[in-house]
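These are the residues of each chain, in order.
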Amino acid sequence: FGASPSHWETSSDLKAISKYSLAMFGWQELETAKSDKEGILAHEAEQLKAAGMAGPVFVYRQGWSPMASFNLQKPLLGPEYSGWFLRNETGAACGGYDWRNTSAAEYFVQTIVKEVAGEAGVDGAFFDDADAVACGGAAGCGYTEEQLEQLWAATKKLWVDLALELNQAGKIPILRSSNMFNATAGSAPACLGSEDEMVAAMEAAGARWMRYYDYFSSTGDGCMNMMRNFQLEVGRGIPVVVHYPTRKQPSMHSTAAQFLMSMGNYSYYGTSTGWTNKGWVWHGEYDQDYGYPLGEATVNGTVWSREFSKASASYDCGAGVGHIELT
């Protein structure tokens with residue numbers, strides 16, 4: 001998940017990116033560009049495919065509010081579209097998109113998402129803050145329980161509709177989410193409804209999608225719950241991308257071990273110091289062959305352990321330390 005803020009990707013940039021199993025071009029690509037960010041990202045994706053990228057390539061879209069550098073989003077910043085966004089009883093803005101507004105939801109899917117569906121060289125879109133409206137985004141609006149239930153239902157429908165729009169074109173969305181399954185959410189879930197409900201809606205529609213974690217907690221209950229949540233997603237056949245911000249985490253060896261505890265087919269791991277190309281460095285852990293998992297991880301207190309055909313790995317959510325030993 002990177003970008004070249006000041007210039008088009010060079011041949012050496014593209015060669016370096018093509019080593020990864022999955023790539024996402026962020027909104028920071030040609031950061032000073034004031035318009036047509038859609039075209040810029042699509043162009044870079046095509047160039048990356050032409051440079052030999054074998055894995056899927058995704059382009060950025062914002063799922064919380066419009067960005068002026070995207071041609072199809074900029075008009076929504078005008079006053080005539082004020083009703084498309086969350087507002088309190090006084091009419092003051094109190095959040096992002098209001099998916100209860102059918103015109104807003106239809107435009108997002110049939111215009112913004114549909115464009116991605118038609119782009120060559122693009123395998124899907126990364127939707128940033130995809131469920132933010134339903135996960136704390138309406139907290140300051142003073143809505144009634146009925147209004148919040150309507151907002152949650154509308155958010156689920158939007159996810160399903162955008163996934164199906166891309167699926168019909170042979171593409172898939174990556175949804176950045178902060179939601180959790182009931183079994184792992186703890187005593188105070190942050191969202192209007194659980195991940196169980198969202199996954200059930202996706203499965204009922206036959207929609208394919210991927211989950212994105214912006215980071216993993218390294219210690220405590222957050223560590224235990226996120227690892228279990230990841231494990232449940234893998235069990236449901238959901239592809240998962242886990243990003244570790246290097247500046248906030250322990251050593252890469254430990255984060256790789258943590259990832260191995262829950263990963264499955266189509267699970268992706270990466271770590272960076274930022275969202276531009278210079279923040280990404282090819283680490284030796286990427287080259288290691290740990291083999292395939294011999295079963296699910298076992299948990300003893302805060303210590304997770306898992307055996308692979310070519311390695312043994314463990315991670316301690318108490319100490320925030322992991323270990324991988326090749327066998």
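Heads up: the structure comes first, above all this text.
Residues numbered from 1 in each chain as written. Predicted model: local features only at pLDDT ≥ 70, side-chain atom pairs only at ≥ 80, totals over all residues. Heavy atoms only, no water.

**Student:** Describe the sheet that holds strand 11 (residues 303–307), and please don't skip the residues or the numbers.
**Tutor:** Strands in a sheet are paired, the pairing made by backbone hydrogen bonds, and the direction either parallel or antiparallel. Read across the sheet, 4 strands follow the order 10-11-12-13 without closing on themselves; strand pairing throughout is antiparallel. Where the open sheet ends on each side, the last strands, each with one partner, are strand 10 (298–300) and strand 13 (321–326). Each strand of the sheet is rotated relative to its neighbour by a mean of 15°, with strand direction disregarded. Where strand 11 and strand 12 (residues 311–316) come together, 5 bridges link them in antiparallel fashion. Note on strand 12: the bridge partner recorded for Trp 304 is Tyr 315. On the sheet, helix 6 (residues 220–235) packs against strand 10, strand 11 and strand 12 and is oriented at approximately 30° with respect to strand 11. Contacts from helix 7 (residues 252–262) reach strand 11, strand 12 and strand 13, with the element oriented near 80° to strand 13. (Pairing = 2+ DSSP bridges. Helix = DSSP H or I, 4+ residues; strand = E, 2+ residues; numbered from the N terminus. Axes fitted to C-alpha atoms, helices over the stretch in contact; angles between N-to-C directions. Contact = heavy atoms within 4.5 Å.)

**Student:** Quick one: what's the story with unusual backbone geometry, residue by residue and with numbers?
**Tutor:** One non-glycine residue, Asp 36, lies in the positive phi region at around 50°. Relative to the helices and strands, Asp 36 is located in the loop between strand 1 (23–25) and helix 2 (37–50). For Asp 36, a relative accessible area of 34% puts it in the partly exposed group. (Buried < 20%, exposed > 50% of the residue type's maximum accessible area, 1.4 Å probe, protein only.)

**Student:** Help me get a handle on the nonpolar core, residues and values and all.
**Tutor:** Ranked by internal contacts, the top residues of the largest apolar core, which has 96 residues, are Met 24, Phe 108, Phe 127, Ile 174 and Leu 260. Considering every element that reaches this core, the biggest residue donor is helix 4 (residues 145–167), with 9 residues. (Core = buried A, V, L, I, M, F, W, Y, C linked by side-chain atoms within 4.5 Å.)

**Student:** Which residues make up the environment of Thr 184, and what values go with them?
**Tutor:** Along the polypeptide, Thr 184 turns up in the loop between strand 6 (172–176) and helix 5 (195–205). According to the relative accessible area criterion, Thr 184 is buried, its value standing at 2%. Taking the C-alpha atoms as reference points, Thr 184 and Ala 311, separated by 127 residues in sequence, lie 28 Å from one another. Among residues more than four places away in sequence, those in contact with Thr 184 are Asn 225, Arg 228, Asn 229 and Leu 232.

**Student:** Kindly report on the layout of surface pockets, identifying the contributing residues and their values.
**Tutor:** The calculated volume of the largest pocket comes to roughly 930 Å³. Taken together, 38 residues form the lining of the largest pocket, with Tyr 20, Ser 21, Tyr 269, Gly 270 and Tyr 286 sitting closest to its centre. Contributions of two or more residues to the lining of the largest pocket are made by helix 1 (11–17), strand 1, strand 8 (240–245), helix 7 and strand 9 (267–272). By residue class, the composition of the lining of the largest pocket is 24 nonpolar, 9 polar and 5 charged. (1 Å grid on protein atoms, 1.4 Å probe; cavity = no way out; pocket = protein on both sides within 12 Å on 5 of 7 lines; lining within 4 Å. Points joined across faces, edges and corners; volume = space filled by probe spheres on them. Nonpolar A, V, L, I, M, F, W, Y, C, P; charged D, E, K, R; others polar.)

**Student:** Lay out the side chain of Asn 167 in plain terms, naming residues and giving numbers.
**Tutor:** Looking at the secondary structure, you find Asn 167 in helix 4. Residue classification places Asn 167 among the buried residues on the basis of a relative accessible area of 14%.

**Student:** I'd love a proper account of the pairing of strand 11, names of residues and values included.
**Tutor:** Side chains Trp 304 and Arg 306 project from strand 11 onto a buried face, and the interleaved Val 303, Ser 305 and Glu 307 project onto a face without burial. Relative to strand 11, strand 10 runs antiparallel, the two being bridged by 3 bridges. Within strand 11, the residue paired with Val 299 across the bridge is Trp 304. Two successive antiparallel strands, strand 10 and strand 11, enclose a turn made up of 2 residues, where Gly 301 displays a positive phi of approximately 70°. In this antiparallel pair of consecutive strands, strand 11 and strand 12, the connection spans 3 residues.

**Student:** Describe in detail the sheet that holds strand 8, supporting the description with residues and values.
**Tutor:** Read from one edge to the other, the open sheet built from 7 strands follows the order 1-2-5-6-7-8-9, with strand pairing classed as parallel. In this open sheet, the two strands that pair with only one neighbour each are strand 1 and strand 9. Pairs of neighbouring strands in the sheet enclose a mean axial angle of 25°, with direction left out of account. Sheet analysis places strand 6 next to strand 7 (residues 210–213), joined by 3 bridges and oriented parallel. Bridge assignment links Ile 174 to a residue of strand 7, and that residue is Met 210. Helix 3 (residues 102–117) rests against strand 2 (57–62) and strand 5 (124–128) of the sheet, and its axis sits at about 150° to strand 2. Helix-sheet contacts for helix 6 involve strand 7, strand 8 and strand 9, and the interaxial angle to strand 7 is about 165°.

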